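In case you want the letters, here they are:
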Amino acid sequence: MKFTSALILAGFYLSNSLGAWAGEDAQGKQVFEKWCMPCHGKGTEYPGTLALDARYKGAVPGALEDRTDLAPALVQYFVRNGISVMPFFRKTEISDSELDALTRYLQKQPAQAAAQP
Ligand code: HEC
């Protein structure tokens with residue numbers, strides 16, 4: 001009896017937290033598509049992707065969504081400060097919580113990131 005309710009509780013907790021991750025990832029993707037995609041989409045018509053391709057010469061992918069080395073602090077820095085033709089974004093455009101979701105989306109590995117602080 002106790003065991004069953006513990007199982008139910010655990011299932012509830014798990015699906016809740018998984019749902020939260022999925023939701024945040026979806027929000028991060030949305031923020032990316034709205035503000036970053038016009039310059040950082042995948043392909044050869046995006047100025048940000050082209051600039052990063054030219055800078056890294058194949059060492060890392062030009063498209064941000066293909067990168068696996070984007071630390072949240074780095075993304076936050078560029079989003080709030082901008083670089084060359086990339087504008088900085090105000091909190092009225094991208095709020096702190098949207099920026100959090102965006103960095104998680106670009107980091108790709110929320111579970112791993114949580115496991116190793
Ligand atoms: C107007 C075009 C434009 C927009 C919009 C834009 N960027 Fe950029 N971004 C660039 C360009 C161009 C560079 C490369 C600048 C350079 O190094 O000369 C860049 C560089 C970066 C870098 C640095 C990557 C590295 O390895 O040095 C990050 C991170 C980044 N952008 C994230 C974002 C995010 C996240 C958004 C959306 C919130 C965004 N950018 C929106 C044009 C843009």
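See above for the structure.
As a starting point, this report considers the structure included with it.

## Some points on the nonpolar core
Then, number 1: Within the largest apolar cluster, 14 residues are counted, with the highest numbers of intra-cluster contacts made by Phe32, Leu64, Val79, Ile94, Leu102 and Leu106.
Then, number 2: It is helix H4 (residues 96-107) that provides the largest number of residues to this core, a total of four residues.
Then, number 3: In this view, Leu102 contacts Gly28, Val31, Phe32, Cys36 and Val79; residues no more than four positions away in its chain are not counted.

## Side note on the pattern of salt bridges
Then, number 1: A full pass over the atoms with the stated rule returns five salt bridges.
Then, number 2: With a closest N to O distance of 2.6 Å, Asp69 and Arg67 form a salt bridge.
Then, number 3: In this structure, the salt-bridge partner of Asp96 is Lys91, at a minimum N-O distance of 3.2 Å.
Then, number 4: Here Asp96 falls in the partly exposed class, since its relative accessible area comes to 41%.

## Examining the environment of Phe88
Then, number 1: Examined against the element boundaries, Phe88 turns out to sit in the loop between helix H3 (72-81) and H4.
Then, number 2: For Phe88, a relative accessible area of 41% translates into the label partly exposed.
Then, number 3: Along the backbone, Phe88 and Phe78 are ten residues apart, and their C-alpha atoms lie at a distance of 7.1 Å.
Then, number 4: In this structure Phe88 touches Val79, Arg80, Asn81, Gly82 and Glu93, once residues within four positions along its chain are discounted.

## Some details on the coordination of the iron atom of the ligand
Then, number 1: Looking at the iron atom of the ligand, the protein donor atoms are His40 (NE2) and Met86 (SD), and they sit 1.9 to 2.1 Å from it.
Then, number 2: In this structure, the iron atom of the ligand is surrounded by six donor atoms whose angles at the metal cover 86 to 180°, and the resulting shape is octahedral. Note that His40 is positioned in helix H1 (residues 2-40) and Met86 in the loop between H3 and H4, a separation of 46 residues in sequence.

## Side note on helix H2 (residues 47-56)
Residues three or four positions apart in an α-helix share a direction because the helix packs 3.6 residues into each turn.
Then, number 1: Listing the buried residues of H2 in full gives Gly48, Thr49 and Leu52. The buried residues of H2 occupy an angular sector of 95° when projected down its axis, which confines them to one face.
Then, number 2: Where H2 ends, the next residue or the one after it, Lys57, has phi of about 45°, a positive value.

## Remarks on the environment of Pro72
Then, number 1: Among the structural elements, Pro72 can be located in helix H3.
Then, number 2: For Pro72, a relative accessible area of 28% gives the class partly exposed.
Then, number 3: Distance from Pro72 to Asp100, taken between C-alpha atoms, is 7.9 Å for residues 28 residues apart in sequence.
Then, number 4: Residues contacting Pro72, with those up to four places away along its chain left out, are Thr103 and Gln107.

Here is what the cut-offs are and how they apply
Residues numbered from 1 in each chain as written. Predicted model: local features only at pLDDT ≥ 70, side-chain atom pairs only at ≥ 80, totals over all residues. Heavy atoms only, no water. Core = buried A, V, L, I, M, F, W, Y, C linked by side-chain atoms within 4.5 Å. Buried < 20%, exposed > 50% of the residue type's maximum accessible area, 1.4 Å probe, protein only. Helix = DSSP H or I, 4+ residues; strand = E, 2+ residues; numbered from the N terminus. Contact = heavy atoms within 4.5 Å. Salt bridge = Lys/Arg side-chain N within 4 Å of Asp/Glu carboxyl O. Donors = N, O, S within 2.8 Å, 3.2 Å for Na, K, Ca; no water. Tetrahedral: all angles 85-135°; square planar, octahedral: opposite > 155°, others 65-115°. Arc of directions from axis to C-beta.

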